[in-house]
Amino acid sequence: MTSTTMTFTFRPLDPLEDAELLHGWVTHPKAAFWMMQDAKLQDVERAYMEIAADEHHHALLGLLDGEPAFLMEKYDPAHRELVGLYQPEPGDVGMHFLTPATETPVHGFTKAVITAVVAHLFEDPAALRVVVEPDVRNKAVHALNEAVGFVPEREMQKPEKKALLSFCTREQFAAATGVPA
């Protein structure tokens, strides 16, 4: 299967039903930048129950052929994650995504995921710019972000990490991917 044939769908994450699956994903050594390495199952349930109750933060599962394939979070950076750290603009939407570790990697899978995630965010006409703030050490995600049109603005210190603040407009996404936004 090539990345060009992958079609993803999205559904809201169920914090209780999906906690066991997520726990395996977020505690895997390859998910170190997710910062939940030592989380217990109850910690994952609690964290995602808090997100489910938050009007400014949402968690979704990305599905491939109906099966959970990745985690996506979207948030309002004027109210979560980046409050006081940058000047939000109307239409800004924050995003995190996590592809689980696998024994059988599929070439192009993670790029297909980030492309689907950003396209999904831009399905909302109110979304004008996607904001990300990955750890400055996460070189793999910086390359993926750049591949779909993100432009780094600056490094910033967040409470939990030194982050690279980057933005992607609809136009930048369409130019980088050929996917209309």
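Here the structure is shown first, and the text comes after it.
Scope of this entry: the structure provided in the associated data block. (Residues numbered from 1 in each chain as written. Predicted model: local features only at pLDDT ≥ 70, side-chain atom pairs only at ≥ 80, totals over all residues. Heavy atoms only, no water.)

1. Re the pattern of salt bridges
Right, so step 1: All chains considered together, the criterion is met by twelve salt bridges.
Right, so step 2: The shortest N-O distance in the salt bridge between D43 and R46 comes to 3.3 Å. Taken together, the residues D43 and R46, both in helix α2 (residues 41–52) and three residues apart, mark about one turn of the helix.
Right, so step 3: Here D43 falls in the partly exposed class, since its relative accessible area comes to 30%.
Right, so step 4: With its nearest N and O atoms 3.2 Å apart, the salt bridge here joins K161 to E133. A residue pair is termed long-range when its members are at least 10 positions apart, and K161 in the loop between β6 (151–157) and β7 (162–169) and E133 in the loop between β5 (129–132) and α4 (139–147) qualify at 28 residues.
Right, so step 5: Residue K161 is classed as buried on the basis of its relative accessible area of 10%.
Right, so step 6: Residue E133 is classed as buried on the basis of its relative accessible area of 1%.
Right, so step 7: Residues joined in a network through salt bridges with shared partners are E81, E133, K158, E160 and K161. (Salt bridge = Lys/Arg side-chain N within 4 Å of Asp/Glu carboxyl O. Helix = DSSP H or I, 4+ residues; strand = E, 2+ residues; numbered from the N terminus. Buried < 20%, exposed > 50% of the residue type's maximum accessible area, 1.4 Å probe, protein only.)

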